[in-house]
Structures are given as structure tokens and as C-alpha cells.
Amino acid sequence: PTRSMLQVDMPGQGHRGLLSHAWIWLARMLNHLPVKRLHISALEVFLKIAGYRLHQCYRRQFEKLLITINTEYIPKMQSLNDVDARAATTRLATYIQSQEFMQSPEGREMPEDDESSARRNEY
């Protein structure tokens with residue numbers, strides 16, 4: 001449920017809604033040292049879920065944060081010499097460099113009709 005709540009505009013909460021909490025979590029994650037494998041995996045998943053909306057709401061600040069991740073955080077991750085960490089680091093670097101955060105994540109847009117509504121219309 002939280003994953004989907006980060007993707008929608010919540011009425012009465014301004015344009016940021018839960019994203020302000022997501023932004024705080026992200027800042028705390030990046031300020032937490034030393035970098036560990038768990039942080040890398042959590043950051044990768046978090047950005048894939050919330051990155052699109054964070055970019056929509058925070059634009060330039062979010063882009064600056066990604067630059068910092070790419071230039072400071074990722075090199076620290078790579079220094080761990082951990083195979084699992086290296087894989088997550090590569091995926092995170094690809095996410096940032098290919099600007100995947102600019103693409104709406106899968107499942108964000110709800111279809112107008114689904115299979116169940118088509119079946120209801122048959123009866």
C-alpha cells in the first residue's frame with residue numbers, strides 16, 4: 001500500500017503528500033555512514049519506487065541529489081568489494097545515468113478497463 005501511496009496525489013495534502021516523508025528518509029539514508037550492502041539495496045528499490053514522483057515534485061533538488069549519489073555515494077559502494085553490493089550499485093548507477101526516474105513506473109497509471117469489467121459487460 002505505501003508503494004502505491006508514493007505514486008498518487010493525495011487530496012488535501014498539497015502536491016507532495018507522503019513525499020515529504022520519503023524525502024526525509026532519503027536524506028537520512030544518504031547521511032548514514034558507513035555504507036553497507038543493505039543501504040545500497042534499500043536505496044536502489046526506494047528510488048525505483050519513489051524516484052518518478054520525487055522528480056516530479058522536487059525537480060532540480062532531486063537531480064542534485066542524484067548527482068551526489070552518483071559522484072560520492074556510488075564510489076563508496078564500489079569500494080565495499082562485495083559481489084552483491086556491486087550488482088546493486090551497477091543497477092543504481094544505470095538507473096541514474098539512463099534517467100529512469102523520468103519514466104512513469106510500471107503500474108502507476110491505472111487502465112480505463114480491466115478484464116473483470118469486460119466480463120461484466122458480457123453478462
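Just so it is clear, the model here is predicted, and its values are computed rather than measured.

A. Representation of the overall build of the chain. Counting secondary structure elements, the chain contains five helices and zero strands. Considering the chain as a whole, with its 123 residues, one finds that 35% of them fall into the buried category. Within the chain, contacts between residues separated by at least 24 positions form 71% of all contacts whose residues are at least 6 apart in sequence. Of the roughly 8,300 Å² that the chain leaves accessible, carbon and sulfur atoms contribute 52%.

B. Molecular detail of the pattern of salt bridges. In this structure the tally under the stated criterion is five salt bridges. The partner of Arg91 in a salt bridge is Glu44, and the shortest N-O contact between them spans 2.7 Å. Residue Arg91 is located in helix H4 (residues 83-97), and its partner Glu44 is located in helix H3 (residues 37-78); the two are separated by 47 residues in the primary sequence. A residue is classified by how much of its surface remains accessible, and Arg91, at 39% relative accessible area, is partly exposed. In this structure Glu44 comes out as buried when scored by relative accessible area, which is 7%. Each of Arg37, Asp82 and Asp84 takes part in one network of salt bridges that share partners.

C. Just the environment of Trp25, in detail. With respect to the helices, strands and loops of the structure, Trp25 is situated in helix H2 (residues 19-31). A relative accessible area of 35% means that Trp25 is categorised as partly exposed. Through-space distance from the C-alpha of Trp25 to that of Phe46 is 9.8 Å; in sequence the pair is 21 residues apart. If near-sequence neighbours (up to four positions away) are discounted, Trp25 is found in contact with Ala42 and Phe46.

D. A look at H4. Between its first and last C-alpha, H4 extends 21 Å over 15 residues, near the 21 Å set by a 1.5 Å rise per residue. Of the residues making up H4, those classed as buried are Ala85, Ala88, Thr89, Leu92, Ala93, Tyr95 and Ile96. Projection of H4 onto a plane perpendicular to its axis shows the buried side chains occupying an angular sector of 155°, all on one side. The exposed residues of H4 that point more than 90 degrees off its buried face are Val83 and Gln97.

E. Up close: the packing of H3 against H4. Their axes nearest at 8 Å, the elements H3 and H4 cross at an angle of 150°. It follows that H3 is roughly antiparallel to H4 by the angle criterion. Of the two elements, H3 crosses H4, and the hand of that crossing is left-handed. Class assignment for the residues of the contact of H3 with H4 results in 14 nonpolar, six polar and five charged.

F. Focus on the packing of aromatic side chains. Tallying each qualifying case throughout the model produces four aromatic pairs. Between Tyr95 and Phe101, the aromatic rings sit 6.3 Å apart at their centres with planes inclined by 55°, giving tilted as the arrangement. On the accessibility criterion, Tyr95 (3% relative accessible area) is buried. One aromatic cluster is present, formed by Phe62, Tyr95 and Phe101 through successive ring pairs.

About the thresholds
Residues numbered from 1 in each chain as written. Predicted model: local features only at pLDDT ≥ 70, side-chain atom pairs only at ≥ 80, totals over all residues. Heavy atoms only, no water. Helix = DSSP H or I, 4+ residues; strand = E, 2+ residues; numbered from the N terminus. Buried < 20%, exposed > 50% of the residue type's maximum accessible area, 1.4 Å probe, protein only. Contact = heavy atoms within 4.5 Å. Areas by Shrake-Rupley, 256 points an atom, 1.4 Å probe, with all protein chains shown as cover. Salt bridge = Lys/Arg side-chain N within 4 Å of Asp/Glu carboxyl O. Expected span 1.5 Å × (residues − 1). Arc of directions from axis to C-beta. Axes fitted to C-alpha atoms, helices over the stretch in contact; angles between N-to-C directions. Parallel < 35°, antiparallel > 145°, perpendicular 65-115°, else oblique. Left-handed = near helix turned anticlockwise from the far one by under 90°. Nonpolar A, V, L, I, M, F, W, Y, C, P; charged D, E, K, R; others polar. Phe/Tyr/Trp six-rings, centres within 6.5 Å; stacked < 30°, edge-to-face > 60°.

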